Amino acid sequence: MRGVCVSILCVSVILRSAISQPPTESDTYTECTDGYQWDSQTQHCKDINECETIPEACKGEMKCFNHYGGYLCLPRSASVIPAQDPPSQPGTNLESTAREPFNPCPLGYEPQGDSCVDVNECERDEHDCQPSQQCINTPGAFTCQCPDGYRKVGTECIDIDECRYRYCQHRCVNVPGSFSCQCEPGFQLAGNNRSCIDVNECDMGAPCQQRCYNTYGTFLCRCDQGYELGPDGFACNDIDECSYSSYLCQFQCVNEPGKFSCQCPEGYQLLGTRLCQDINECETGEHQCTEGQTCVNIHGAYQCVDTNLCQDPYIQITDNRCVCPVTKPACRDLPFSIVHRYMSITSERSVPSDIFQIQATSVYPGAYNTFRIRSGDDNGDFYIRQINNISAMLVLARAVTGPLEYTLDLEMVSVNPLLSYQTSSALRLSIYVGPYAF
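Just so you know, these numbers come straight off a predicted model, no measurement behind them. (Residues numbered from 1 in each chain as written. Predicted model: local features only at pLDDT ≥ 70, side-chain atom pairs only at ≥ 80, totals over all residues. Heavy atoms only, no water.)

Comments concerning the overall build of the protein
Part 1: Per the secondary structure count, the protein includes three helices and 36 strands.
Part 2: Out of the 438 residues belonging to the protein, those deemed buried represent 32%.
Part 3: In the protein, 35% of the contacts between residues at least 6 apart in sequence involve partners at least 24 apart.
Part 4: Entry remark: accessible area of the protein is about 27800 Å², with carbon and sulfur atoms responsible for 50%. (Helix = DSSP H or I, 4+ residues; strand = E, 2+ residues; numbered from the N terminus. Buried < 20%, exposed > 50% of the residue type's maximum accessible area, 1.4 Å probe, protein only. Contact = heavy atoms within 4.5 Å. Areas by Shrake-Rupley, 256 points an atom, 1.4 Å probe, with all protein chains shown as cover.)

Focus on the sheet that holds strand S31 (residues 353–359)
Part 1: Across the sheet, three strands lie side by side as S31-S34-S33; this open sheet has antiparallel pairing. Edge strands, defined here as strands with exactly one partner in the open sheet, are S31 and strand S33 (382–386). The mean inter-strand angle of the sheet, taken between neighbouring strand axes irrespective of direction, is 25°.
Part 2: Summarising the sheet, S33 and strand S34 (residues 391–396) pair through five bridges and their orientation is antiparallel. Each residue of the ladder has a partner; that of Gln-386, found in S34, is Ala-392. (Pairing = 2+ DSSP bridges. Axes fitted to C-alpha atoms, helices over the stretch in contact; angles between N-to-C directions.)

Looking at the pattern of salt bridges
Part 1: Taken as a whole and judged by the stated rule, the model has 10 salt bridges.
Part 2: Residue Glu-110 is joined to Arg-124 by a salt bridge in which the shortest nitrogen-to-oxygen separation is 2.4 Å. Note that Glu-110 is positioned in strand S8 (residues 109–112) and Arg-124 in helix H2 (residues 121–124), a separation of 14 residues in sequence.
Part 3: Judged by relative accessible area, which is 25%, Glu-110 ranks as partly exposed.
Part 4: Connected via shared salt-bridge partners are Arg-372, Arg-374 and Glu-411. (Salt bridge = Lys/Arg side-chain N within 4 Å of Asp/Glu carboxyl O.)

Comments concerning the side chain of Asp-409
Part 1: Assignment of secondary structure puts Asp-409 in strand S35 (residues 404–416).
Part 2: Asp-409 sits in the buried class, given a relative accessible area of 9%.
Part 3: Discounting residues that sit within four places of it in the chain, Asp-409 has contacts with Arg-372, Ile-373, Arg-374, Ser-375, Leu-427 and Arg-428.

Notes on the sheet that holds strand S29 (residues 321–323)
Part 1: With mixed pairing, six strands are arranged side by side in an open sheet as S28-S29-S30-S36-S35-S32. What marks the edges here is a single partner per strand, and that holds for strand S28 (315–318) and strand S32 (368–375). When strand polarity is set aside, the average angle formed by the axes of neighbouring strands in this sheet is 30°.
Part 2: Where S32 lies against S35, seven bridges are found, and the strand directions are antiparallel. By the bridge assignment for S35, Arg-372 is matched with Glu-411.

Some details on the nonpolar core
Part 1: Counting 21 residues, the largest nonpolar core has Ile-355, Phe-356, Phe-382, Leu-394, Leu-410, Leu-429 and Ile-431 as the members making the most contacts within it.
Part 2: Broken down by secondary-structure element, the contributors of at least two residues to this core are strand S30 (337–345), S31, S33, S34, S35 and strand S36 (421–433).
Part 3: Grouped together as the second largest cluster of nonpolar side chains are seven residues, Cys-310, Cys-322, Cys-324 and Cys-331 included. (Core = buried A, V, L, I, M, F, W, Y, C linked by side-chain atoms within 4.5 Å.)

Things to note about the UniProt feature "domain: EGF-like" (unreviewed entry) in the protein
Part 1: UniProt records the feature "domain: EGF-like" (unreviewed entry) at residues 118–158, 159–197 and 238–277, using the numbering of this structure.
Part 2: The straight-line gap between the two end C-alpha atoms of residues 159–197 is 29 Å; of that span, 0% is helix and 41% is strand.
Part 3: With 0% helix and 45% strand, the stretch residues 238–277 has end C-alpha atoms that lie 29 Å from each other. (UniProt positions renumbered as here; feature names shortened; annotations may be inferred.)

Quick notes on the state of the cysteines
Part 1: Tallied over the entire structure, the rule returns 20 disulfides.
Part 2: Note on cysteine connectivity: Cys-146 is disulfide-linked to Cys-157, with sulfurs 2.0 Å apart. Residues Cys-146 and Cys-157 are joined through a disulfide that is left-handed, its torsion about the S-S bond being -90°. With Cys-146 in the loop between strand S11 (141–145) and strand S12 (150–153) and Cys-157 in strand S13 (residues 156–159), the pair connects residues that are 11 residues apart, well separated along the chain. (Disulfide = S-S within 2.5 Å.)

Examining the packing of aromatic side chains
Part 1: Applying the stated rule across the entire model yields 10 aromatic pairs.
Part 2: Ring centres 4.9 Å apart and planes at 75° place the aromatic pair Phe-187 and Tyr-216 in the edge-to-face group. One end of the pair, Phe-187, is in strand S16 (residues 187–189); the other, Tyr-216, is in the loop between strand S18 (211–215) and strand S19 (218–222), and 29 residues separate them in sequence.
Part 3: We classify Phe-187 as buried; its relative accessible area is 15%.
Part 4: Measuring from ring centre to ring centre gives 5.3 Å for Phe-251 and Tyr-436, while their planes differ by 75°; the resulting arrangement is edge-to-face. Of this pair, Phe-251 sits in the loop between strand S21 (236–238) and strand S22 (252–256) while Tyr-436 sits in the segment after S36, and the two are 185 residues apart along the sequence.
Part 5: Given a relative accessible area of 33%, Phe-251 falls into the partly exposed group.
Part 6: A connected cluster of aromatic rings, assembled from ring pairs, spans Phe-251, Tyr-268, Tyr-436 and Phe-438.
Part 7: It is Arg-194 that lies over the ring of Tyr-167; its NZ or CZ is 4.6 Å from the centre. (Phe/Tyr/Trp six-rings, centres within 6.5 Å; stacked < 30°, edge-to-face > 60°. Lys NZ or Arg CZ within 6 Å of the ring centre and 35° of its normal.)

Next up, the structure:
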């Protein structure tokens, strides 16, 4: 019987009757037991080394160890130490060549001269490390080291889930032997590949049509004045300010890209940005009146009136005053004098509205003055409100819309009862009603 020790475990193997078996005188065959073969030179049965004759005798991480009459599949870290032979028994013929050499050194060492040196199991491939592991020689032994990102559990290397340790600021993706960090939209990995920093989308071609404002993790699109942000949050659409209110412009609102402008009708000009002001063509010289005419400015236009408006039996005293001499019989029932005046008013004035004040220029002692509309108010659009003995107010009684023209004769009648004297004078007022309320 012969024993072998595997690491600290000793295994006893019962051998056949002999390691080498010489034939007896009565043997007529050269047959050997299982695990042996006949050696014609020595005329003995010789052990078969199955570790050499059988391809891949041991699978996986196991190592093949030849043994008398067979073989053993043991871990690569195992060592076979031959046990001392039991005392020789008569009739037993064991070859001395089958004995393992005696090793006086500790496990993991071998003799070299007078000393023991470490055995490098990694170089000799006498280790049981798995293919994925790295064999590292140590004094008297060796260790199996797992790659980075793995930890050893028993003899196996298990992947370390680094994501459990929250190495990443945002998202962690575990992969075999490692991990990777990912950032939420609007961020990018910093140089340490773990932290996330904001991405300035405005500098990277954000799809804002006009203005882009970077914010933490995202961005905002804004529009210039006069535009509004579209439903997609990127495009800017023109605002039609004119459709929002009819009071933006005094006359007409014109929408333009990003803004609006106000326009005025012919004969008017913009006052500021929204109001319309009448152009005084008589002052600017933009009229076509002749030398014998007087230019009268009215709302939105002008009128050319003749300088001499006096009709028989009146004679002209000044540019706008005509007198009817008392010596002429035709002047008896007519006002003594007629003064021509011109004025312009806007359409749609609120009523009643004071529009013109009449003032007596000559006052006689003891005379009583009364004022009336002598002619021109066929529709009753005006009336006279007397203020005192020498003045009265012409009042617009009904709202009117131009363009219209009135010629009113406003008469002041003076009566002196003490002297039995009565006279009158008239003011011929031409009123032009403009086409607009401005």
